[in-house]
Amino acid sequence: MSKKRGLSLDEKREKMLEIFYESQNFFLLKELEKLGPKKGVISQSVKDVVQSLVDDDLVAKDKIGTSVYFWSLPSCAGNQLRNVHRKLESDLQSGKKQLAELVDQCDNLKKGREESDEREEALGELKAIELKHKELKDEMGQYADNDPAAFEEMKKAIEVAHAAANRWTDNVFTLRQWCSNNFPEAKEQLEHMYKEVGITDDFDYLELPTVLPGTVGNQMAEGNPEGM
């Protein structure tokens, strides 16, 4: 013999509503938990089922003193269903109106865009203009490296980097002198350590290039590439 199927949530809701409609009385939760099993709703699920009915305004809930009471009348449920029906009907009419407006907008957008020889010719010209624009943009990108303003920015960046590098070089020399003064007995170990980190005998301040990018950019701007 097959096991009896349990009730779905909707079926449980219907069973609990029957309790309210048949008695048309007020109930405490513990009373509903006792009545639920008689309708096939286990007591453990009564609280959640009743709360779902409260959330949907099918069951009223109010606290009187220290107790919370639940109730529902058929007339209340009927009014709730009528309100839901009116809202759905209003939403349907609003949706139909929006659809009609969108159809009108679509029809208006199609005007003047009908297929024709003139339209095809105009689209061809537009495509050619866009292609030419892309070619010119790519060509301008090739000359960007020769832009005097760009060269000037590069020159400033090089000067800042050069000054920073020489500041650190000066710091290194200061640190070496301090180590030599304070740890003369560790001279060999210090020299070995210096070489390991790249501080060799030819370590010195950087010289700023004689011809900077800004100079080259000025020569090109003046139309004198031979000076490069």
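A.B. asks: What exactly am I supposed to notice about helix α1 (residues 9-23) here?
C.D. replies: Over its 15 residues, α1 runs 22 Å from end to end, which matches the ideal 21 Å to within 8%, given 1.5 Å per residue. All buried positions along α1 are accounted for by K12, R13, M16, L17, I19 and F20. Across the axial projection of α1, the buried residues extend over an arc of 145 degrees, all falling on one side. For α1, the exposed residues lying more than 90 degrees away from the buried face are D10, E14 and E22.

A.B. asks: In this structure, what is going on with the confidence of the model for the chain? I would like to understand it.
C.D. replies: Any segment with low pLDDT has predicted coordinates that should not be analysed in fine detail. Of all residues in the chain, 84% attain a pLDDT of 70 or more, and the chain-wide mean is 80. Mean pLDDT across the secondary structure elements of the chain bottoms out at helix α8 (residues 213-221), with 47, and peaks at strand β1 (residues 27-28), with 94. This stretch, residues 212-228, has a pLDDT under 50; its non-local contacts, to residues over four places away or in other chains, come to 19 contacts.

A.B. asks: Can you walk me through the side chain of S72 in this structure?
C.D. replies: In this structure, S72 sits in the loop between β3 (67-71) and α4 (74-110). Looking at S72, its side chain comes within polar contact range of the main-chain oxygen of L58, at 2.6 Å.

A.B. asks: How do you make sense of the nonpolar core when you look at a structure like this?
C.D. replies: Among soluble globular proteins, nonpolar side chains are generally buried collectively. Grouped together as the largest cluster of nonpolar side chains are 15 residues, with contacts concentrated most on M16, L32, V50, V59 and F70. Among the secondary structure elements, those contributing two or more residues to this core are α1 and α3 (43-55). Ranked by residue count, the leading element in this core is α3, at 5 residues. When near neighbours in sequence (up to four residues on either side) are disregarded, V50 contacts M16, L32 and F70.

A.B. asks: Sorry, what's going on with a nonpolar patch on the surface here?
C.D. replies: Nonpolar side chains collect at one region of the surface, where L175, W178 and F183 lie side by side and expose about 330 Å² of accessible area between them. Here W178 lies in helix α6 (residues 148-182).

A.B. asks: What am I meant to see in the side chain of K12 here?
C.D. replies: Tracing the chain through its elements places K12 in helix α1. Within the buried set, K12 has no salt-bridge partner at all; the shortest N-O distance to an opposite charge, 8.4 Å, is to D48. When residues no more than four places from it in sequence are discounted, the contact partners of K12 are L7, V41, S45 and V49.

A.B. asks: Got a minute to help me understand the pairing of β3 in this structure?
C.D. replies: Pairing analysis gives 2 bridges linking β1 to β3, with the strands arranged antiparallel. Among the inter-strand pairings, F27 is bridged to a residue of β3, identified as F70. Taken together, the 5 bridges between strand β2 (residues 60-64) and β3 define a ladder with antiparallel strand orientation. In the sheet register, I64 faces β3, and the bridge partner there is S67.

Here is what the cut-offs are and how they apply
- Residues numbered from 1 in each chain as written.
- Predicted model: local features only at pLDDT ≥ 70, side-chain atom pairs only at ≥ 80, totals over all residues.
- Heavy atoms only, no water.
- Helix = DSSP H or I, 4+ residues; strand = E, 2+ residues; numbered from the N terminus.
- Expected span 1.5 Å × (residues − 1).
- Buried < 20%, exposed > 50% of the residue type's maximum accessible area, 1.4 Å probe, protein only.
- Arc of directions from axis to C-beta.
- pLDDT = per-residue confidence, 0-100.
- Contact = heavy atoms within 4.5 Å.
- Polar contact = N/O pair within 3.5 Å; in protein donor to acceptor, adjacent residues only side chain to side chain.
- Core = buried A, V, L, I, M, F, W, Y, C linked by side-chain atoms within 4.5 Å.
- Patch = residues over 30% accessible without salt bridge, like charges linked within 9 Å, V, L, I, M, F, W, Y side chains within 5 Å.
- Areas by Shrake-Rupley, 256 points an atom, 1.4 Å probe, with all protein chains shown as cover.
- Salt bridge = Lys/Arg side-chain N within 4 Å of Asp/Glu carboxyl O.
- Lys, Arg positive; Asp, Glu negative; His and termini not counted.
- Pairing = 2+ DSSP bridges.

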